[in-house]
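# Close look at the chain arrangement
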Amino acid sequence: MYAYDTLDRTFVAQRTAQFREQVRRRLANELSEDEFKPLRLRNGLYLQLHAYMLRVAIPYGLVSADQLRALARIARRYDRGYGHFTTRQNIQFNWISLKDAPDILNDLAAVEMHAVQTSGNCIRNITTDQFAGVAADEIEDPRPWAEIIRQWSTNHPEFSFLPRKFKVAVTGSASDRSAMRVHDIGVRLVRGIDGAIGFEIWVGGGLGRTPMIAQLLRGFLPKEHLLGYLEAVLRVYNVEGRRDNLYKSRIKILVSTLGIERFRDLVEAEWTLTSGPGLRLETAGIARMQSHFRAPPYADMPGRSREFEAKRLEDSAFARWAKANLFPHKQPGYAAVTISLKPIGGVPGDLTAAQMDAVASLADAYSLGEIRVTHRQNLVLAHVPQDRLHDLWRALDALDLATPNLSRATDIIACPGMDYCGLATARSIPVAQRLSERLAALDEQYDLDQLSINISGCVNSCSHHHVGHIGILGLEKGGAESYQVTLGGSSAEDAAVGRIIGPGFGAEDVVDAVETILITYLGQREDSERFLDTVRRVGQDPFRRALYKQP
Amino acid sequence: MPRRVITANRLIDGVVVWRDAAGRWREEIDRAAASDDDKTVARLLSGARTDEAAGVVIGPYEVEVEVEQNTASRRFLPTHLRERIRAGGPTVALH
Amino acid sequence: MQIIRLIEGQPATDIDVWTRIDDGEPLPEYAPTMVSLARWRSGRNDLVRRNVAVGVRLASHETLEGLAGDLERLDLIALDFPNLNDGRHFTTARLLRERHGYRGEIRATGQVLRDQLFAMARCGFDSFDLQAHQSAESAREAFSEISVVFQPAADGRTAAHAIRTGGAGAHFSAS
Ligand code: SF4
């Protein structure tokens, strides 16, 4: 993974000192809240319902065992012993004091971490595929590119006060595990006609009040021009994006108002003038960056592990977990393991300090000391020898971290909602917990595979409910929680925004409603058709009839 | 008019606080000063705003409450869910 | 009024010599005169003929469109920040320096906060109307809090990636 050099260390140390001084000025009341808020936000600090919340950046979801242990220490020392992983591969601490924030940033800096630009109207953490460098269908490892973009965007002087937040995802595979098309910019590594590798650039995806799927901006961009081109897109957005209405200020609105052709013309015109030498990437620089992400020293092993096969036959619980939570590794004899952070009835994405320490030790013992965070709020140990999977599984099981439900009905994505979040209109977590408990049995009986249920506590859509196969949005109606349900969304390569099925459901009824939807699906599905395909084939009517008891 | 109390978050740690009759910020809602009189509420709020300007609390505002009174104690229950959660903490286990 | 000025990259407190003339107000005889873009457009010839330094201020929604040919005649361009969230003029300043090679003074006016000064300087601003309640001494420190930059901008600093590759492709000049 990327290792800091003196420049990175100096920057993070200076930035931490700068923030310490800003906090001092705020506490001395030399800065008003209005002046201080944009400063604390760009250092990841929000004021939530009960306390400050600190969002720590996990660049492209990659964290070392030592870093995870540092996060555990922070959870214990400054928080209440746990953290919450988000759909943008970051981690949030819910119970932070403003006065402690500079010390926490210091502790983070000691392990080459920070909270820079995890909030505010600037370029946010760069996200990517959790199986980067491991997936067999990968054209090229996206992480060096994510890191190149991360550095370029760090403290970018021109783009620190954008109309609104700006999110970038990079993927290197044909199957999109990074939700690239719901990002402001999606970057996809592709092979051009002459065989050279470059980028497809997508623009204008985003959720929130007006969900949109990104459109193709450029079919092929030579590698060396990545930053120049991004700078041109950002510049057009900085100048042309709306600033008069919070809900119309994302780049998606600009793109849809101008139309993709007109927007493209503006970007290309700007790029022609901008593509000077300063941002052109040199081959040596690219190679240098790629060397940080070289494949680790794998052992030579046969493609099929006899040990693994035998254990699968012996132990049905293990077999079940292996079926759901393993991803094929490009290196023979290895597997990528997903650790589900969705125990039945638990809080999606939460991990206690003790579990963090334990996962760090397991990463050291089984997976070259590295952990990844997925945009579905789970963790990945990416390099586990198949021979050792059974041992790992037993260790995970003892930690309550072996729920065999990846991409299944109970692998629910949920934001903190009104239990923590100051912007929420309804709670998310209790709904996720009740759903998980209800659907566990249904899943066991009917195999509810490849299903994504996403629950957001307000229109900000942090849980990407619009692109959940089943999306749930919590609203307030007449003083009570009301949940609007959408069907047919997807964040993968077949990205689509789900459609609202009908009037919302009360907090008591929404679990029944989802169950009704799934039972209707079971009645309609052909063979092993996934839920999304059934919805696409039969449309909303059968579900609507079942839900609203229409004839 | 419904009964109201004044709340804010404390600047230094973000903790939810409620303003009492003596103008102190308390962590327990039951210690708050409550009133159904507009003038009294306005006076409480203006004191709170002074504290905001001085950098003691952030964003003070009024919260509607119901009062549960019995011989031993007096308890306030905000009418809105959001404020009930602020007063009582998350409705889910914290691990 | 006091302003902060960068002289050879070093911040100093300075006296503001510019007179800001509102639309409709008569022009002063000798003082360097700062006018709105509209006034510049309508009274351009009069303003140029006077042989007194002229500056133009742009509101946050105004761009350099139609002004590029006039830049040589302008000693100052003041870019206004109506609030802390409107970052359009960060782009305007870079375009002035890097695309148009403007060498006159670029001033930040309006809601100029101490903690934005460094970014402004990187984009090519070299004078700053600091808001009255902010300490000038503290503001001067704002320019040296961060010494590492990760992208080229109008200030000619070498970005980290260029330092790492030994300066190959690192050269970037502001002209
Ligand atoms: S979706 Fe809304 S409630 Fe949920 S975390 Fe985001 S802002 Fe908060």
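This text goes with the structure placed above it.
Notes on the structure in this doc start here. Predicted, not measured: the structure shown is a model, and the values here were computed from it.

## A look at the interface of chain B and chain A
On the chain A side, the residues contacting the 23 residues of chain B number 29 residues. Approximately 2,100 Å² of surface area, both sides summed, lies buried where chain B meets chain A, with 64% of it carried by carbon and sulfur atoms. Where chain B touches chain A, the interface holds 0 salt bridges. Taken together, the connections running from chain B to chain A amount to 10 residue pairs in polar contact (both at pLDDT 80 or more). At the level of secondary structure, the elements contributing two or more residues to the side of chain B that touches chain A comprise β1 (3-10) and α2 (81-88) of chain B. Of the residues forming the side of chain B that touches chain A, the biggest block, 4 residues, is contributed by α2(B). Broken down by class, the residue content of the side of chain B that touches chain A amounts to 13 nonpolar, 6 polar and 4 charged.

## Notes on the site of the ligand
Around the ligand sit C415(A), P416(A), G417(A), C421(A), L423(A), A424(A), S456(A), G457(A), C458(A), N460(A), S461(A) and C462(A), and those are all the residues in its vicinity. Of the residues contributing to the shell around the ligand, the split by class is 7 nonpolar, 5 polar and no charged.

## Digging into the nonpolar core
Residues and elements named next belong to chain A. Of all hydrophobic cores here, the largest spans 61 residues; its most connected members are L71, F85, W321, V337, I371, L379 and L396. For this core, the element with the highest residue contribution is helix α3 (residues 65-78), accounting for 8 residues. Apart from residues no more than four positions distant in its own chain, I371 is found in contact with G61, L62, V63, S64, A65, L68, V359, A360, A363, L379, V380 and L381. Counting residues in hydrophobic clusters, the runner-up holds 55 residues, among them I185, F199, V203 and V267.

## As for the sheet that holds strand β15 (residues 379-385) of chain A
Residue and element names in this part refer to chain A. In space, the 5 strands of this open sheet follow the order β3-β14-β15-β12-β11, with antiparallel pairing throughout. For this open sheet the edge positions go to β3 (62-64) and β11 (326-328), each flanked by a neighbour on one side alone. For this sheet the average axis-to-axis angle between neighbouring strands, irrespective of direction, equals 30 degrees. The pairing of strand β14 (residues 370-373) with β15 spans 2 bridges and is antiparallel. Bridging from a neighbouring strand, R372 pairs with V380 of β15. Where α3 meets the sheet, its contacts fall on β3 and β14, and the angle it forms with β3 comes to roughly 85 degrees.

## Regarding the pattern of salt bridges
What the rule picks out here adds up to 70 salt bridges over all chains. Residue D5(A) pairs with R164(C) through a salt bridge whose shortest N-O separation is 2.6 Å. Here D5(A) is found in the segment before α1 (6-27), whereas its partner R164(C) is found in helix α5 (residues 160-164) on a different chain. Classification of R164(C) by relative accessible area gives buried; the value is 15%. R536(A) is the partner of D494(A) in a salt bridge, and the nearest nitrogen-oxygen pair spans 3.1 Å. On the criterion of sequence distance, the pair formed by D494(A) in the loop between β19 (480-487) and β20 (499-500) and R536(A) in helix α16 (residues 531-538) is long-range, its members being 42 residues apart. A relative accessible area of 23% places D494(A) in the partly exposed class. The class for R536(A) is partly exposed, based on a relative accessible area of 39%. Ionic contacts of the salt-bridge type, sharing partners, join the residues E158(A), E231(A), R235(A), E270(A), R94(C), E98(C) and R99(C) into one network.

Rules behind the numbers
- Residues numbered from 1 in each chain as written.
- Chains lettered and ligands numbered in written order.
- Predicted model: local features only at pLDDT ≥ 70, side-chain atom pairs only at ≥ 80, totals over all residues.
- Heavy atoms only, no water.
- Contact = heavy atoms within 4.5 Å.
- Buried area = accessible area lost by both parts, 1.4 Å probe.
- Salt bridge = Lys/Arg side-chain N within 4 Å of Asp/Glu carboxyl O.
- Polar contact = N/O pair within 3.5 Å; in protein donor to acceptor, adjacent residues only side chain to side chain.
- Helix = DSSP H or I, 4+ residues; strand = E, 2+ residues; numbered from the N terminus.
- Nonpolar A, V, L, I, M, F, W, Y, C, P; charged D, E, K, R; others polar.
- Near = heavy atom within 4 Å.
- Core = buried A, V, L, I, M, F, W, Y, C linked by side-chain atoms within 4.5 Å.
- Buried < 20%, exposed > 50% of the residue type's maximum accessible area, 1.4 Å probe, protein only.
- Pairing = 2+ DSSP bridges.
- Axes fitted to C-alpha atoms, helices over the stretch in contact; angles between N-to-C directions.

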